[in-house]
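# Tertiary structure, described
Spelled out from the first residue to the last, the chains are:
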Amino acid sequence: MAMLYGKHDHETNKFLTPIFGDPAEQHDLPKYRLAQHALAPREADRLVRDELLDEGNSRLNLATFCQTYMEPEAVDLMKDTLAKNAIDKSEYPRTAEIENRCVNIIANLWHAPESEKFTGTSTIGSSEACMLGGLAMKFAWRKRAQKAGLDLNAQRPNLVISAGYQVCWEKFCVYWDIDMHVVPMDEHQMALDTAHVLDYVDDYTIGIIGIMGITYTGQYDDLSTLDAIVDKYNHHHTELPVYIHVDAASGGFYAPFVDSQLIWDFQLKNVISINASGHKYGLVYPGVGWIIWRDQQFLPEELVFKVSYLGGELPTMAINFSHSAAQLIGQYYNFVRFGWDGYREIQTKTHNVARYLAKAIEQLGEFSLINNGQQLPLICYQLVPRSDREWTLYDLSDRLLMNGWQVPTYPLPANLEQQVIQRIVVRADFGMNMAHDFIDDLTAAIKALNQAHIVYHADEAPKKYGFTH
Ligand SMILES: *Cc1c(COP(=O)(O)O)cnc(C)c1O
C-alpha cells in the first residue's frame, strides 16, 4: 500500500535547518535598545558570536600580560563554578576556604615571616589590590601623623613612585586625593632611581611603591637597595617612618620561579604589602588579583568589614562586593595542578622564549634593544637610525597585523617620550615554535616595508598604538 504523507511541520524541523539558511539570520541585531521579542538561544548565540568574529586572536596578542590560555580541565572547572558568589561566605564556605588556602600559598611564596601575622585577600585584579594597599597606607599614615602632631591640613598626603607606574596608581591618587610624587626615569635609569628617591619623601608620604616590574620596559625596581635606604631614613624618623608597597602585578608569580635568588619580597623588612595579578603570570584568565600584608598591623581595622560566615563573621576587605568565584577557584586549580615545579618549568620556558626572541630580533640589524627579557619576559626595542629607511615602527605594527600578530608601538613615559618603542610580551602559551614563526613573519614584514612604494606620514608625533598594559 502506498504511504500517505501529511503536511510538513516546519516548527518541529526548525532546529534541523542549517543556521545560515534560517530566517533567524535575517534578524537585525538589537544594538542600542532592547528588542521587543525574544530570540531562540541558538539564534542569539550565533548572532553574538558572529559579532565577535573580527576581533583579534588572543594567542597572537603580544601586547598583553593577561592570560590567554588555560587547560580544558581548568576551563570546565571554572564554567561549573561561575555561579558561585565569592562574597557569600556562608553559602560557599569551601570556596572561602579555597581563597584562604591561596592567600597562605602566596604569602609563603613571598616569604611572609613566621613571626608576624600576615593577612590578605583575593581581588578582581591588581588595580583593586593596589587601591586596597594604597588605602591601608593612607589610613595607617594618618594615624601615625595624628599621633606625631602633624598638621594634617597643611598639605595633602603623597605617594612616591617612579615614572614607570601603571595607570592604576594615578587612579588611586585621583580617587583618594593623594599627591603623586613621581621620580623621573631617564635612559640610564629605566626603573626607580634609588639615589634620588628620598628627595621625594617627606612627613606627608604615605608610602613608596616599588614595581616588579615596570610595564613599559620589564625592569624590576631595585628593592633591596630601596629597603636599605628606607631603613636608614626610618632610623632618623621613628615617629613618621615610611614603608614600601610592592606592585608585583607581573613579577609576583614570575620572579620567585625564574629568579629565586632575587630578594624583593617580605624578606625585606620595610616591605609591608605586595600585590600581584593572578591573571598575569599566576596563569588564570582575567580577573583575579591578590594582596598580602606582612602583618595585620599594617591594615587599619576601620578598613575591614565583616560578612556573615557559618553563623559567625569573617573579616573582608574589598572595593567590590558580589562577583564570581570561578577565577579564584581557577587559581587554586593551577596551584594544585602545577605545584612549584610546574610553575618553575612554565615560567622558565617563557623566559627562554623571551631570550631567544631578543637575540633573534637584535640579529635582524634594524633594532636596538631596550629590554632583552632578562627580567620580565618582554622585549622592547627601537629602530636603529638609518637614513634610507622610510618606514616607522607604527608601519611595522600594521604590517605584522596582516599575519594576525598584535604588537604595540608607543612612546616611553615622561622624560623619555621622544623614544618610540615596540614591545613584545611573552606568555606561557607563546612557545618556541610560535616564536620561530613570529621571527619569520617579522623578517618578511621588514622586507615588504623596505620594498614598499608608498609610505606616507602626515603626523610624526609619537602616539600610542595598541594596548600596552
Ligand atoms: C597590569 C598591572 C597593573 C594592573 O593590573 P590589573 O590586574 O590589570 O588590574 C598594575 N600594576 C602593574 C605594574 C601592572 O603591570
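Notes on the structure in this doc start here. All of these numbers come straight from a predicted model, not from anything done at the bench.

What follows concerns the site of the ligand. Residues in contact with the ligand amount to 14 residues; listed here are only the nearest, Ser126, Ser127, Asp247, His279 and Lys280. Within the contact set of the ligand, an oxygen atom lies 2.7 Å away from a backbone nitrogen or oxygen of Ser126. Within the side chain of Asp247, a nitrogen or oxygen atom sits 2.6 Å from a nitrogen atom of the ligand. Within the complex, 91% of the 380 Å² of free accessible area of the ligand lies under protein.

Now for the environment of Trp405. Locating Trp405 in the fold gives a position in the loop between helix H10 (393-401) and strand E12 (409-411). Given a relative accessible area of 4%, Trp405 falls into the buried group. Spatially, the C-alpha atoms of Trp405 and Ile370 are 21 Å apart, while their sequence positions differ by 35 residues. Not counting residues up to four positions away in its chain, the partners in contact with Trp405 are Leu60, Leu62, Leu400, Phe430, Met434, Asp437, Phe438 and Asp441.

On to the sheet that holds strand E10 (residues 367-372), then. In space, the four strands of this open sheet follow the order E10-E11-E13-E12, with antiparallel pairing throughout. The open sheet has two edge strands with one neighbour each: E10 and E12. Direction aside, the axes of adjacent strands within the sheet are offset by 35 degrees on average. Sheet topology note: the strand E11 (residues 378-383)/strand E13 (residues 420-425) ladder contains four bridges and is antiparallel. Pairing of Ile379 across the sheet is with Ile424, part of E13. Each of E10, E11 and E13 is contacted by helix H9 (residues 326-363), which is oriented at about 160 degrees to E10, the strand it contacts most.

What follows concerns the pattern of salt bridges. All told, the structure shown has 16 salt bridges when counted by the stated rule. Between Arg156 and Asp177 there is a salt bridge, and its shortest N-O distance comes to 2.6 Å. On the criterion of sequence distance, the pair formed by Arg156 in the loop between helix H5 (126-147) and strand E2 (158-162) and Asp177 in the loop between helix H6 (167-175) and strand E3 (179-183) is long-range, its members being 21 residues apart. Residue Arg389 is joined to Glu366 by a salt bridge in which the shortest nitrogen-to-oxygen separation is 2.8 Å. Here Arg389, found in the loop between E11 and H10, pairs with Glu366, found in the loop between H9 and E10; they are 23 residues apart in sequence, far enough to count as distant. By relative accessible area, which is 12% here, Arg389 ends up buried. On the basis of relative accessibility, which here comes to 8%, the residue Glu366 falls in the buried class. Where salt bridges share partners, they join Glu366, Arg386, Asp388 and Arg389 into one cluster.

About the criteria used
- Residues numbered from 1 in each chain as written.
- Predicted model: local features only at pLDDT ≥ 70, side-chain atom pairs only at ≥ 80, totals over all residues.
- Heavy atoms only, no water.
- Near = heavy atom within 4 Å.
- Polar contact = N/O pair within 3.5 Å; in protein donor to acceptor, adjacent residues only side chain to side chain.
- Areas by Shrake-Rupley, 256 points an atom, 1.4 Å probe, with all protein chains shown as cover.
- Helix = DSSP H or I, 4+ residues; strand = E, 2+ residues; numbered from the N terminus.
- Buried < 20%, exposed > 50% of the residue type's maximum accessible area, 1.4 Å probe, protein only.
- Contact = heavy atoms within 4.5 Å.
- Pairing = 2+ DSSP bridges.
- Axes fitted to C-alpha atoms, helices over the stretch in contact; angles between N-to-C directions.
- Salt bridge = Lys/Arg side-chain N within 4 Å of Asp/Glu carboxyl O.

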